[in-house]
Amino acid sequence: MLTTHGKCLICDQRPNLQYCLEGGGGTSRIILPVSLTYKSRVSHICNVVTYFYGIFEFMEALESVKKEDDTRWLTYWVVFALFSVTEFFSDLLLSWFPFYWLAKCVFLVWCFLPLSWNGSDMIYSRVIRPAFLKNQTQIDKTMGKVTDKINELGDNVMHMASDAVKSD
């Protein structure tokens with residue numbers, strides 16, 4: 001829906017309408033779709049693009065004989081996972097920013113673009129890998145403790161389940 005009225009910056013905030021941005025004293029207008037600013041629509045679009053395309057390409061990479069494409073898509077999923085965990089804890093704050101979902105989608109697409117300067121390679125090589133290598137010993141120890149606790153919990157659940165079955 002295009003708007004034709006005066007000097008408003010936001011014509012309507014319902015999904016599927018468009019922003020009317022005034023420029024040059026009202027002589028020119030730039031129309032931008034705002035459906036990409038709404039979490040309900042954009043989160044679905046972003047998830048379809050970043051999950052399904054990533055899954056499809058990763059499966060293609062697994063079936064190819066080249067190792068480079070496997071590494072590229074594993075790197076994407078490492079960055080994607082770290083981004084998702086970070087977003088989980090900051091989503092309440094981030095969701096207040098206008099165009100957050102558009103920015104998220106653009107960021108994640110940049111992460112899987114087949115370019116020499118794609119986001120996954122840059123973020124992994126400059127941030128994630130150095131931090132991992134620096135803390136690898138501590139991470140391994142912590143993950144070992146977590147694995148032991150999960151195994152212990154699993155054993156306890158199995159014993160409780162077998163005791164419950166025996167008592168019936």
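These numbers come from a predicted model, not from an experiment.

### Quick notes on the UniProt feature "transmembrane region" (unreviewed entry) in the chain
- Within this numbering scheme, the UniProt entry marks residues 74-93 and 99-117 as carrying the feature "transmembrane region" (unreviewed entry).
- Along residues 74-93 one finds 100% helix and 0% strand; the C-alpha atoms at either end are 29 Å apart.
- With 68% helix and 0% strand, residues 99-117 has its two end C-alpha atoms placed 24 Å apart.

### A look at the nonpolar core
- With 16 residues, the main nonpolar core has W73, Y76, W77, F80 and L108 as its most contacted residues.
- Listing elements by their share of this core, those giving two or more residues are α1 (39-63), α2 (68-94) and α3 (100-112).
- When near neighbours in sequence (up to four residues on either side) are disregarded, Y76 contacts T50, G54, L108, C111, F112 and S120.

### Here we look at a nonpolar patch on the surface
- On the surface, a nonpolar cluster with roughly 510 Å² of combined accessible area is contributed by F132, L133, I139, M143, V146 and I150.
- Position of V146 among the secondary structure elements: in helix α4 (residues 119-167).

### Notes on the side chain of T50
- Mapped onto the secondary structure, T50 falls in helix α1.
- T50 gets classed as buried once you look at its relative accessible area, which sits at 1%.
- From its side chain, T50 meets the backbone oxygen of C46 in a polar contact 2.7 Å long.
- Excluding residues that lie within four positions of it along the chain, T50 makes contacts with Y76, W77, F80, L108 and F112.

### With respect to the pattern of salt bridges
- Evaluated as defined, the whole model comprises one salt bridge.
- The closest approach of N and O atoms between K104 and E87, which form a salt bridge, is 3.0 Å. Pair noted here: K104 is in helix α3 and E87 is in helix α2, with a separation of 17 residues, a long-range link. Both residues of the pair, K104 and E87, count as buried.

Definitions and cut-offs
Residues numbered from 1 in each chain as written. Predicted model: local features only at pLDDT ≥ 70, side-chain atom pairs only at ≥ 80, totals over all residues. Heavy atoms only, no water. UniProt positions renumbered as here; feature names shortened; annotations may be inferred. Helix = DSSP H or I, 4+ residues; strand = E, 2+ residues; numbered from the N terminus. Core = buried A, V, L, I, M, F, W, Y, C linked by side-chain atoms within 4.5 Å. Buried < 20%, exposed > 50% of the residue type's maximum accessible area, 1.4 Å probe, protein only. Contact = heavy atoms within 4.5 Å. Patch = residues over 30% accessible without salt bridge, like charges linked within 9 Å, V, L, I, M, F, W, Y side chains within 5 Å. Areas by Shrake-Rupley, 256 points an atom, 1.4 Å probe, with all protein chains shown as cover. Salt bridge = Lys/Arg side-chain N within 4 Å of Asp/Glu carboxyl O. Polar contact = N/O pair within 3.5 Å; in protein donor to acceptor, adjacent residues only side chain to side chain.

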